[in-house]
Amino acid sequence: MVLSPKEYLGFAVGTDRSLADWGQIAGYFRLLSEHCTRVRVDELGKSTEGRPFLLAIITASENHARLEEILHIQRQLADPRGRSESELYELMASGKTIVLVTLGIHATEVGASQMGLELAYQLAMATDDETTDALNNTVLLLVPSLNPDGLDLVVGWYRQTLGTAYEGSTPPFLDHRYAGHDNNRDWFMFTQQETRLVIEYVQNTWHPQIVLDLHQQGHDGPRIVLPPFVDPYDPNVDPLIRQGVAWLGQTAAAELSAHGKTGVMTNVIYDAYSPSRAYQHYHGGVRILAEVASVRLATPVVVETHELRAGRGYDPQVATWNHPEPWGGGEWGLRCIVEYEKIVALACLRHAAKYRNLWLKNFVSIGKRALIPKPQLYAFAVSLRQHDPRVTAELLQLLMFGGVEVHRATELFCADGVDYPAGTYVVLMQQPYSSFAKTLLGNQSYPDVRRSSDGLPRQPYDMAAHSLPIQMGVAVTEVRAPFTASLVLLREAPDFFPRLANTRLDARWLYIRPEPNGSYTALASLLTSQIEVHRLRHDCQAPPLSAGTLVVSGRERDVVDRLSARLGLSAGNLSQGDLPSVTTLSRLPRVGVYQSHVPNPDEGFVRYVLEQYTIPYTTLKDHDIRAGELMRRFDVVVIPSARFKDINGGLMSGVYPREYCGGLGRVGSEALLEFAEAGGTIVGIDQACDWCIRALQLPVTNVAGAYREEEFFVPGSFLRVAFDINHPLAYGMPAEAAVVFLRSPVFSVDSGAEAVGRYPMTNPLCSGLLHGPEKLLGRAALVECTVKQGRAVLIGFRPHHRAQARGTYKILFNALFRSITEYRG
Ligand SMILES: [Zn+2]
């Protein structure tokens with residue numbers, strides 16, 4: 001006899017103020033795996049911080065016995081190319097609906113991972129006909145936690161504050177080491193370990209037809225929100241997937257009503273535009289999201305009917321077609337969340353079983369439709385001539401990781417009247433995951449959706465743009481007409497393009513080109529090895545090199561060759577005997593990255609990107625900065641994007657223990673002003689520029705603050721900026737590049753401030769939506785200000801946005817290395 005979760009934990013799942021931690025949850029799943037023939041638990045790998053990352057496969061014992069065969073069938077159904085109708089029919093007859101349920105990606109939304117224990121136990125033990133039928137006809141892939149590190153962090157914080165005045169507060173830390181709450185925006189960039197494990201071992205292995213992702217939202221809205229999603233949908237999502245989402249969401253909603261659950265709302269708040277949250281929409285799967293009303297972690301709340309608050313296009317107090325029975329108010333606890341979520345999960349599983357034939361048939365249809373030629377789009381071509389070859393390779397790598405087939409031309413070919421050399425990469429549009437490739441490689445024209453209440457533009461749920469070539473700075477061409485070419489399918493993603501090192505033994509000076517992001521890893525590595533590095537102050541002709549080119553002594557030829565080979569950099573000899581006009585770096589900058597107690601994914605991604613490029617940094621908390629004397633320890637302090645009030649005021653006292661409250665405040669801002677005046681560099685990223693302008697009294701105005709929504713609206717778009725590439729802040733950049741604009745500032749500068757990047761005099765929109773382009777024309781986007789002996793750098797966009805905006809990483813890196821530059825020559 002297997003222990004129930006209650007017997008195992010010592011408390012029933014969903015008991016107020018009681019949470020199982022990851023050790024307990026993982027332990028229970030392993031127990032089920034050992035004792036129940038319906039449950040198999042695999043460790044897929046380790047989380048970011050080294051915890052076991054688990055997948056539970058739950059199905060009838062008979063299905064477990066032939067799991068490899070079921071998997072094999074599923075793989076063939078996922079790619080219907082070359083299979084006859086009768087073959088597919090036979091496969092469908094013996095296949096199962098594959099259902100993936102993912103829990104706890106947002107660790108503060110604690111209910112789902114607790115619920116998973118009870119769901120697994122119930123499925124393992126049930127003998128009723130309905131559950132037996134569900135287990136016979138489906139394979140459930142249950143991820144008990146998409147974020148085990150965060151789960152332990154949240155449970156630890158909850159236990160620590162239990163019974164204190166701070167009980168029920170969310171932790172004053174990011175609940176994923178780097179991505180925080182944005183860990184569910186990583187489903188096309190695949191930067192984080194947890195994302196990669198699920199894509200590789202669950203999604204791309206099993207190709208689930210149904211995916212349920214469980215979340216929680218605020219406590220004073222509807223009790224649960226389910227699809228259909230609101231407009232807009234990304235136009236590249238197959239109509240059958242959209243219908244499936246509506247079908248399944250509405251089915252789960254009906255099941256809740258059948259169980260007497262109230263406050264069930266559909267078709268509000270959540271749209272389906274960004275692929276960052278919905279990998280499955282492009283991989284044959286119907287993904288639904290359930291958002292249940294929260295409690296204070298595991299502490300119940302009392303919400304009276306009149307306290308239920310209306311939001312974007314809904315009112316939880318009013319009965320409507322998509323919200324037939326409002327919740328009557330009262331106490332709402334963890335057990336309520338567990339029950340709502342379990343009903344939804346079981347509804348999906350039963351639906352998957354009952355309509356198994358239809359789910360499999362639609363799955364095959366979606367796969368076949370992906371192979372139909374697209375009007376006016378035959379392929380994308382990725383040329384070998386790129387500003388940053390390695391980032392280009394990264395783009396191809398992530399497409400292939402997402403199941404996209406990439407070809408390489410073995411001979412010259414002509415397409416749309418243009419000649420492409422041998423070696424050109426080609427992504428054909430007639431392939432199973434063509435919609436994923438199309439949405440990531442194409443441009444977005446975000447629809448002008450208006451709010452019914454006041455006619456103003458409606459904010460997308462996430463971003464209005466995601467085009468990777470634009471944000472990564474990679475040249476990709478759309479090919480409209482079919483062409484013939486000799487193409488081979490890549491089995492392995494290119495690591496990076498062949499290095500172009502061409503150094504000679506007798507060279508006095510060697511160069512490394514600054515255009516690739518990887519040149520900053522080389523720069524950090526050289527300085528770590530105490531090798532002096534110079535940077536050209538101006539471009540030169542023979543050989544043609546741009547300003548910012550790294551120059552080192554010819555004695556370091558071995559090191560330069562090694563670095564250029566490892567990082568795919570272009571290196572060679574300077575032809576002049578004498579060193580041209582350069583700036584010199586003889587050590588690494590001492591970098592501080594400010595970390596507020598208000599959890600901020602932008603801060604996490606600064607750290608992630610610096611670590612990826614091996615640029616050392618130190619995290620600075622409020623008290624470190626308030627303590628002053630920063631010049632002794634740092635050359636540059638980075639303030640990641642955050643609102644003025646979060647930086648200045650931090651967390652509220654009373655809600656959190658004193659040591660976490662108060663933000664930088666007056667003392668912190670004076671300490672940073674003193675640091676800058678004494679020669680330090682302060683780098684403000686995006687929204688943090690407002691704080692910098694006020695605290696450091698900079699001669700810059702953020703004019704966007706005065707724009708009304710009806711005249712200026714940019715809901716997460718990519719905009720063109722012209723850079724002064726002879727300025728050290730823009731070294732290595734192209735003269736014009738796209739930046740990520742997300743509630744970003746727009747600068748007007750006075751004397752004492754220098755604009756290094758400006759919006760052009762024409763409409764700067766590259767991808768997304770922009771109302772009021774005239775508000776941007778000629779305005780500054782990247783500014784440097786002198787502050788006595790030091791300086792402030794204002795980056796008025798997201799230079800490293802979610803580790804996606806690889807075309808502008810160099811702006812951030814340059815701002816760091818600029819802090820220790822001395823001039824010579
Ligand atoms: Zn969530």
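Here, residues in each chain are numbered from 1, in the same order as that chain's written sequence. Where totals are concerned, whole chains, interfaces and linings use all residues; where local detail is concerned, this predicted model gives features only for residues with pLDDT of at least 70, and gives and counts side-chain atom pairs only at 80 or more. For side-chain calculations, the full set of non-hydrogen atoms in the structure is used, while hydrogens and water are omitted.

## Some details on the overall build of the protein chain
Note the threshold: Here a strand is any run of E in DSSP of at least two residues, a helix any run of H or I of at least four, and the numbering for each starts at the N terminus. All radius of gyration figures rest on C-alpha atoms, and the globule criterion is 2.2 Å times the number of residues raised to 0.38. Note on classification: 1.4 Å probe, protein chains only; a residue is buried when its accessible area is under 20% of the maximum for its type, exposed when over 50%, partly exposed between these limits. With residues, only the protein chains shown are counted as cover, and all accessible areas are computed by Shrake-Rupley using a 1.4 Å probe. The convention is simple: Lys and Arg are positive, Asp and Glu are negative, and His and the chain ends are not counted. Throughout, a charge is located at the NZ atom of Lys, the CZ atom of Arg, the CG atom of Asp or the CD atom of Glu.
In terms of helices and strands, the protein chain carries 23 helices and 37 strands. The C-alpha radius of gyration computed for the protein chain amounts to 28 Å, which stays within 12% of the reference 28 Å derived for 825 residues, consistent with globular compactness. The principal-axis extent of the C-alpha atoms belonging to the protein chain is close to 85 × 65 × 55 Å. Scored against the burial criterion, the 825 residues of the protein chain give a buried share of 63%. Surface summary for the protein chain: the accessible area is close to 30,200 Å², and the carbon and sulfur share equals 49%. Counting 78 positive and 87 negative side-chain charges, the protein chain places the centres of these two groups 3 Å from one another.

## Focus on the coordination of the zinc ion
Selection rule: Distances decide who is a donor: an N, O or S atom must be within 2.8 Å of the metal, or within 3.2 Å for Na, K and Ca. Water is not included, so sites may look incomplete. Irregular is the label for any site that misses the other tests, which are tetrahedral for four donors with all angles between 85 and 135 degrees, and square planar for four donors or octahedral for six when opposite donors exceed 155 degrees and the remaining angles lie between 65 and 115.
Taken together, the protein donors to the zinc ion comprise His106 (ND1), Glu109 (OE), Glu109 (OE) and His215 (ND1), at separations of 2.1 to 2.5 Å. Classification of the site at the zinc ion as irregular follows from its 4 donor atoms and the range of 56 to 153° in their angles at the metal. Along the chain, the residues donating to the zinc ion fall in the pattern H-x2-E-x105-H. Remark: His215 occurs in strand β5 (residues 210-217) and His106 occurs in the loop between β3 (97-102) and α6 (111-125); sequence separation between them is 109 residues. Relative accessible area serves as the criterion here: at 3%, His106 is assigned to the buried category.

## Re helix α9 (residues 193-206)
Applicable threshold: Take the number of residues in a helix, subtract one, and multiply by 1.5 Å to get its expected span. The angle between axes fitted to the seven residues ending at a residue and the seven residues starting there is what we call the bend at that residue.
Compared with the 20 Å implied by 1.5 Å per residue over 14 residues, the 19 Å span of α9 between its first and last C-alpha is a close match. Most pronounced at Ile199, the bend in α9 amounts to some 35°. Within the span of α9, buried status applies to Glu194, Thr195, Leu197, Val198, Ile199, Val202, Gln203, Thr205 and Trp206. Two residues or fewer past α9, His207 is found with a positive phi of approximately 45°.

## Here's the deal with the side chain of Glu194
Stated formally: A pairing counts as a salt bridge when a side-chain nitrogen of Lys or Arg comes within 4 Å of a carboxyl oxygen of Asp or Glu. Here a polar contact means two N or O atoms within 3.5 Å. Within protein one must be a hydrogen donor candidate and the other an acceptor candidate, and residues neighboring in sequence count only if both atoms are side-chain atoms. Should any heavy atoms of two residues lie within 4.5 Å, those residues are counted as being in contact.
Structurally, the position occupied by Glu194 is in helix α9. Despite its burial, Glu194 pairs with no opposite charge, the nearest such side chain being Arg51 at 8.0 Å. Within the structure, the side chain of Glu194 is placed 3.0 Å from the side chain of His176, a separation counted as a polar contact. If sequence neighbours within four positions are ignored, Glu194 has contacts with Ser47, Thr48, Phe53, Leu146, Asp149 and His176.

## Topic: helix α17 (residues 557-567)
Inspection of α17 places Val559, Val560, Asp561, Leu563, Ser564 and Leu567 among the buried residues, and these make up the whole buried set. Where the residues of α17 are buried, they touch α13 (389-401), β20 (509-512), α16 (519-528), β22 (550-553) and β23 (571-573). Just downstream of α17, Gly568 is the residue with a positive phi angle, here 65°.

## A few points about the pairing of strand β13 (residues 379-382)
How we decide: Note on pairing: two strands pair once DSSP finds at least 2 bridges between them.
Burial along β13 is two-sided: the face carrying Ala379 and Ala381 and the face carrying Phe380 and Val382 are both buried. By the bridge criterion, 4 bridges tie β13 to strand β18 (residues 476-479) in an arrangement that is antiparallel. Across the sheet, the residue bridging to Ala381 is Thr477, located in β18.

## As for the pairing of strand β36 (residues 790-795)
The buried fraction of β36 amounts to 6 of the 6 residues, a majority that puts the element mostly inside the structure. Neither face of β36 is left uncovered, since the one carrying Gly790, Ala792 and Leu794 and the one carrying Arg791, Val793 and Ile795 both have all their residues buried. Bridge count between strand β28 (residues 681-685) and β36: 5 bridges; the pairing is parallel. Within β36, the position partnered with Ile682 by the bridge is Ala792. The pairing of strand β35 (residues 780-787) with β36 spans 6 bridges and is antiparallel. Across the sheet, the residue bridging to Val787 is Gly790, located in β36. Turn length for the β35-β36 hairpin, with the two strands adjacent in sequence and antiparallel, is 2 residues, and the turn residue Lys788 shows positive phi of about 50°.

## Notes on the sheet that holds strand β19 (residues 487-489)
Note the threshold: Axis definition: a line fit to C-alpha positions, over the contact stretch in the case of helices; interaxial angles, taken between N-to-C directions, run 0 to 180 degrees.
Taken in spatial order, the 5 strands of this open sheet run β18-β13-β17-β14-β19, and their pairing is antiparallel. Edge positions in the sheet fall to β18 and β19, since each of these pairs with one other strand and no more. Neighbouring strand axes in the sheet, compared pairwise and without regard to direction, differ in orientation by 30° on average. In this sheet, strand β17 (residues 425-428) lies alongside β13 in antiparallel orientation, the contact comprising 4 bridges. Each residue of the ladder has a partner; that of Ala379, found in β17, is Leu428.

## Topic: the packing of helix α4 (residues 67-78) against helix α5 (residues 85-94)
As a reminder of what qualifies: Working definition: roughly parallel below 35 degrees, roughly antiparallel above 145 degrees, roughly perpendicular at 65 to 115 degrees, and oblique for all remaining angles. A clockwise turn of the near helix away from the far one marks a right-handed crossing, whereas an anticlockwise turn of less than a right angle marks a left-handed crossing. Gly falls in the polar group here, along with every residue not listed as nonpolar (Ala, Val, Leu, Ile, Met, Phe, Trp, Tyr, Cys, Pro) or charged (Asp, Glu, Lys, Arg).
Two numbers describe how α4 lies on α5: the axes approach to 10 Å, and their chain directions differ by 140°. Relative to α5, the element α4 lies oblique. The crossing of α4 and α5 is left-handed. Each of Ile73, Gln76 and Leu77 in α4 lies in contact with α5, whose residues at this interface are Leu88, Leu91, Met92 and Ser94. Taken together, the residues of the contact of α4 with α5 break down into 5 nonpolar, 2 polar and no charged.

## Some points on the nonpolar core
Threshold: As used here, the term nonpolar core means buried Ala, Val, Leu, Ile, Met, Phe, Trp, Tyr and Cys residues forming a set that is joined through side-chain atoms within 4.5 Å.
Leu142 and Leu226 are the most contacted members of the largest nonpolar core, which totals 157 residues. At 13 residues, helix α11 (residues 334-354) tops the list of elements feeding residues into this core. Sequence-distant contacts of Leu142, that is, excluding residues within four places in its chain, are made with Phe29, Leu54, Leu55, Ala56, Ile58, Val101, Leu103, Gly116, Leu119 and Ala120. Counting residues in each nonpolar core, the second largest holds 71 residues, with Leu729, Val746, Val756 and Phe817 among its members.

## Concerning the environment of Ile647
Checked against the element boundaries, Ile647 lands in helix α20 (residues 644-649). What makes Ile647 buried here is its relative accessible area of 1%. With residues near it in sequence (within four places) discarded, Ile647 still touches Tyr594, Ile639, Ala642, Gly663, Leu664, Gly665, Ala688 and Trp691.

## Here we look at the packing of aromatic side chains
To keep it simple, the criterion reads: Two aromatic rings, drawn from Phe, Tyr or Trp (for Trp, its six-membered ring), form a pair once their centres lie within 6.5 Å of each other, and the interplanar angle then sorts them: stacked below 30 degrees, edge-to-face above 60, tilted otherwise.
Following the criterion strictly, the structure yields 31 aromatic pairs and no others. Seen from their ring centres, Phe413 and Phe483 are 5.1 Å apart, and the 15° between their planes marks the pair as stacked. A residue pair is termed long-range when its members are at least 10 positions apart, and Phe413 in strand β15 (residues 413-415) and Phe483 in the loop between β18 and β19 qualify at 70 residues. An aromatic cluster of three or more residues is present, and its members are Phe190, Tyr279, Tyr282, Phe401 and Phe436.

## With respect to the pattern of salt bridges
For the structure shown, the criterion picks out 44 salt bridges. When the shortest N-O distance is used, the salt bridge between Glu255 and Arg350 registers 3.5 Å. Note that Glu255 is positioned in helix α10 (residues 239-258) and Arg350 in helix α11, a separation of 95 residues in sequence. For Glu255, a relative accessible area of 23% translates into the label partly exposed. Across the pair Asp646 and Lys645 runs a salt bridge whose closest N-O atoms are separated by 3.9 Å. Where salt bridges share partners, they join Glu49, Arg51, Asp149, Asp152 and Arg177 into one cluster.

## Regarding the sheet that holds strand β8 (residues 264-266)
Reading across the sheet, the 8 strands line up as β1-β2-β4-β3-β5-β10-β6-β8 and stay open at both edges, with mixed pairing between neighbours. In this open sheet, the two strands that pair with only one neighbour each are β1 (39-46) and β8. Looking at each pair of strands side by side, their axes are set apart by 20° on average, direction ignored.

## A closer look at the environment of Phe53
The topology assignment puts Phe53 in strand β2 (residues 52-58). On a C-alpha basis, the gap between Phe53 and Ala134 in space is 26 Å, while along the polypeptide they are 81 residues apart.

## Re unusual backbone geometry
Across the junction of Pro227 and Pro228, the peptide omega takes the value 15°, indicating a cis bond. Structurally, Pro228 is set in the loop between β6 (224-226) and β7 (230-233). Following Asp231, the chain continues to Pro232 via a peptide bond in cis, the omega torsion being 0°. Take Pro232: it is sitting in strand β7. Residue Gln697 is not a glycine yet carries a positive backbone phi of 50°. Here Gln697 is to be found in the loop between α22 (688-695) and β29 (700-702). Positive phi is not limited to glycine here, since Lys788 has a value of about 50°. Summarising the element assignment, Lys788 is placed in the loop between β35 and β36. Judged by relative accessible area, which is 61%, Lys788 ranks as exposed.

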